[in-house]
Amino acid sequence: MTAPLRPSEPIVVSVALGARAYEIVIGRGLLATLGGRIKPLRANAKTAIVTDETVAGLHLAAAEAALASAGLGSSPIVVKPGESSKNFATFETVCESIIAARIERNDLVVALGGGVIGDLAGYAAASVRRGLDFVQVPTTLLAQVDSSVGGKTGINSRHGKNLIGAFHQPILVIADTALLDTLPKRDFRAGYAEMAKFGLLGDAAFFSWLEANWQDVFSGGQTSGSFAREHAIAVCCRGKAGIVARDERETGERALLNLGHTFGHALEAGAGFSSRLLHGEAVALGIVLAFEFSARKGLISAADAARARAHLAAVGLPTHVGQVPGGVPGVDALMDLIAQDKKVKRGSLTFILVRGIGQAFIENNVDPAEVRAFLTEKLAGQ
Ligand code: NAD
Ligand code: GLY
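First things first, this report covers the structure right here in the doc. Throughout this document, residue positions are counted from 1 along each chain, in the order its sequence is written. Written order decides the labels, with chains lettered from A and ligands numbered from 1. In keeping with the model being predicted, local features are shown solely for residues with a pLDDT of at least 70 and side-chain atom pairs are shown and tallied solely at 80 or more, while totals for entire chains, interfaces and linings include all residues. Calculated side-chain values reflect all of the structure's heavy atoms, with hydrogen atoms and water omitted.

## Considering the overall build of the protein chain
Each helix is a run of H or I in the DSSP string that is no shorter than four residues. Each strand is a run of E no shorter than two, and both are numbered from the N terminus. Helix and strand counts for the protein chain stand at 13 helices and eleven strands. Radius of gyration here is computed from C-alpha atoms only, and the compact-globule reference equals 2.2 Å multiplied by the residue count raised to the power 0.38. Computed over its C-alpha atoms, the radius of gyration of the protein chain comes to 20 Å, within 12% of the 21 Å expected for a compact globule of 382 residues. With the principal axes as the frame, the protein chain shows a C-alpha extent of 60 × 45 × 40 Å. Burial analysis of the protein chain (382 residues in total) assigns 57% to the buried set. Considering only residue pairs separated by 6 or more positions, the protein chain has 75% of its internal contacts joining residues 24 or more positions apart. Here the open area of atoms and residues is found with the Shrake-Rupley method and a 1.4 Å probe, where only the protein chains shown may cover a residue. As presented, the protein chain carries roughly 14800 Å² of accessible surface, and 51% of it is formed by carbon and sulfur atoms. Charge assignment: positive for Lys and Arg, negative for Asp and Glu; neither His nor the chain ends contribute. Where a charge lies is defined by one atom per residue type: Lys uses NZ, Arg uses CZ, Asp uses CG and Glu uses CD. Here the protein chain contributes 38 positively and 36 negatively charged side chains, and the mean placements of these two sets differ by 2 Å. The cut-offs for exposure are 20% and 50% of the maximum accessible area for each residue type, with area from a 1.4 Å probe on protein chains only; residues under the lower value are buried, those over the upper are exposed, and the others partly exposed. Only heavy atoms enter the contact rule, under which two residues are in contact if any of them lie within 4.5 Å.

## A word on the site of ligand 1
Residues are counted as near a molecule or strand when any one of their heavy atoms sits within 4 Å of it. For ligand 1, the set of nearby residues contains 29 residues, the closest of which are Asp 52, Glu 83, Thr 139, Thr 140 and Thr 182. We define a polar contact as two N or O atoms separated by no more than 3.5 Å, with the added condition that, inside protein, one atom must be a possible hydrogen donor and the other a possible acceptor, whereas residues neighbouring each other in sequence contribute only through side-chain atom pairs. At 2.7 Å, a backbone N or O of Gly 115 approaches an oxygen atom of ligand 1. Taking Thr 140, its side chain carries an N or O atom lying 2.6 Å from an oxygen atom of ligand 1. Contact with the protein chains covers 91% of the free accessible surface of ligand 1, which is 870 Å².

## Re a positive patch on the surface
The residues that make up patches have over 30% relative accessible area and no salt bridge, and they are joined within 9 Å when like-charged or within 5 Å when they are Val, Leu, Ile, Met, Phe, Trp or Tyr. In what follows, salt bridge is the name for a side-chain nitrogen of Lys or Arg lying within 4 Å of a carboxyl oxygen of Asp or Glu. A cluster of like positive charges, contributed by Lys 46, Arg 102, Arg 105, Arg 129 and Arg 130, occupies part of the molecular surface. Accessibility expressed as a relative area gives 58% for Arg 102, which makes it exposed.

## Remarks on the sheet that holds strand β5 (residues 108–113)
The strand order β1-β2-β9-β6-β5-β3-β4 describes an open sheet built from seven strands, whose pairing is mixed. Each end of this open sheet is capped by a strand with a single partner; those strands are β1 (11–15) and β4 (74–79). Taking the axes of each pair of neighbouring strands and ignoring which way they run, one obtains an average angle of 20° across the sheet. Note: two strands are recorded as paired if DSSP finds a minimum of 2 bridges between them. Two elements, strand β6 (residues 133–138) and strand β9 (residues 172–176), share two bridges in a ladder whose sense is parallel. When the bridges of β9 are listed, Val 135 appears paired with Leu 172. Only the stretch in contact is used when a helix axis is fitted, and all axes are lines through C-alpha atoms; the angle between N-to-C directions ranges over 0 to 180 degrees. The strands touched by helix α4 (residues 115–127) within the sheet are β3 (47–52), β4, β5 and β6, with β5 carrying the most contacts at an inclination of about 165°.

## Here we look at helix α6 (residues 185–202)
Here the expected length of a helix is defined as 1.5 Å per residue gap, with one fewer gap than residues. Its 18 residues give α6 an end-to-end C-alpha distance of 26 Å, which sits within 8% of 26 Å, the value for a rise of 1.5 Å per residue. Across the 18 residues of α6, 13 count as buried, placing the element largely inside the fold.

## Observations regarding the site of ligand 2
Near ligand 2, the surroundings consist of Asp 146, Lys 152, Lys 240, Glu 250, Arg 254, Leu 257 and Asn 258. A distance of 3.2 Å is found between a nitrogen atom of ligand 2 and a side-chain nitrogen or oxygen belonging to Asp 146. In the model, an oxygen atom of ligand 2 is placed 2.8 Å from a nitrogen or oxygen of the Lys 152 side chain.

## Observations regarding the packing of helix α3 (residues 88–100) against α4
The N-to-C vectors of α3 and α4 enclose an angle of 55°; their axes lie 9 Å apart at closest approach. It follows that α3 is oblique to α4 by the angle criterion. In this structure, α3 meets α4 at a crossing whose hand is right-handed. Here Thr 90, Phe 91, Val 94, Cys 95 and Ile 98 of α3 lie close against α4, whose contacting residues are Leu 120, Tyr 123, Ala 124 and Ser 127. The residue makeup of the contact of α3 with α4, split by class, is seven nonpolar, two polar and no charged. Angular relationships are summarised with four words: roughly parallel below 35 degrees, roughly antiparallel beyond 145, roughly perpendicular across 65 to 115, and oblique for the angles in between. Helix crossings are classified by the rotation of the near helix relative to the far one: an anticlockwise turn of less than a right angle makes the crossing left-handed, while a clockwise turn makes it right-handed. Each residue is assigned to one class: nonpolar for Ala, Val, Leu, Ile, Met, Phe, Trp, Tyr, Cys and Pro, charged for Asp, Glu, Lys and Arg, and polar for all the others, Gly among them.

## Focus on the pattern of salt bridges
A full pass over the atoms with the stated rule returns 21 salt bridges. Residue Asp 146 pairs with Lys 197 through a salt bridge whose shortest N-O separation is 2.8 Å. Of this pair, Asp 146 sits in helix α5 (residues 141–147) while Lys 197 sits in helix α6, and the two are 51 residues apart along the sequence. Judged by relative accessible area, which is 8%, Asp 146 ranks as buried. The partner of Glu 268 in a salt bridge is Lys 161, and the shortest N-O contact between them spans 3.1 Å. Of this pair, Glu 268 sits in helix α9 (residues 261–270) while Lys 161 sits in strand β8 (residues 160–167); the two residues are 107 residues apart in sequence, bridging distant segments of the chain. Each of Glu 83, Lys 86, Asp 119, Lys 161 and Glu 268 takes part in salt bridges that share partners, so that together they form one network.

## Concerning unusual backbone geometry
If you check the backbone angles, Arg 129 has positive phi at about 50° while not being a glycine. Of note, Arg 129 is situated in the loop between α4 and β6. Backbone geometry places Asn 162, a non-glycine residue, at a positive phi of 55°. You can see Asn 162 is positioned in strand β8.

Have a look at this one:
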């Protein structure tokens, strides 16, 4: 895979879902074009912009101005930043605020933020008036490569991650890569875990490219002039769009996107959905565990598992459970959390395992005793 040339136009990726098809538009400076891109889809729409306090302080005024320049009115709905906003109380506030802003059918909800805002606003859009259209304007790397695409929306339950939600596709995704310039490094790294995931699950050439070019993805081409960031986001979006078009409701191959998530969600819930362990950091740990579990089962070489770990460690992501500040729960608590995973069917565990870099597969009927023994070893070594 060669380094991409600087594209003069945004990159457009289509999500082929028939009547619910939409475009993902990727490029620097796209926020200013938001109104102009929405207008042909919903000429006279009113909009409610759902965002969090941090993103509001940085980018809400520009989003409002972009909508106003196309004659589209907007009402802001601002929630607290962070995973803890994916709860019932905030969901209620967002729904009531959308209704109070008189957003009706033919109007729009705009999700301006990271994965938390996309999931929360998308679920509110799916629910208010039995379904409003929404536009995703992802502002984190994680949201630009993964969560803004594919229509999974929802909130967390006290029993586990993302257990309440709906499939509800956006009508448009605008990924302005310049918005990532204000993202704290820790959040950028966390999103990178989901980017590396796309290589590790199904695209070995992309993973090799990331090993060689990740610094350019992080710098956003500001020092090198490369368009590595846009290129890498587009590779992930094309990969995800293809999977979603073939398996929108996750009856099969879409589950591959959960590589690292069964272990990761348990660790994230175990850390109380707090800033001790960000979602992407939990995914990085979960990917390492999925590779090491695969190695333990003789599916891959120890060298492949070490290679996946080495790259995630090189970018500064946690790759040992011992790196989680305050530690992680014991094996009983982790096994309970794993048992709540959405991929559990009648007690048998399903994991996404690997036969090599870029060769993930769905393994049903994983023996819980084997997982328990593996985690016991890992926790003892932390
Ligand atoms: P996030 O939305 O909490 O954003 C991370 C932090 O960055 C927040 O504090 C936010 O205020 C801040 N921020 C956002 N954009 C910024 C910007 N441009 N500049 C400065 N600060 C900014 O978290 P996230 O990592 O984007 O998303 C994680 C969530 O995504 C999890 O809840 C996860 O379950 C979900 N997710 C969903 C899917 C899906 O398919 N729906 C896929 C992957 C992850
Ligand atoms: N992030 C997992 C999915 O969208 O299916």
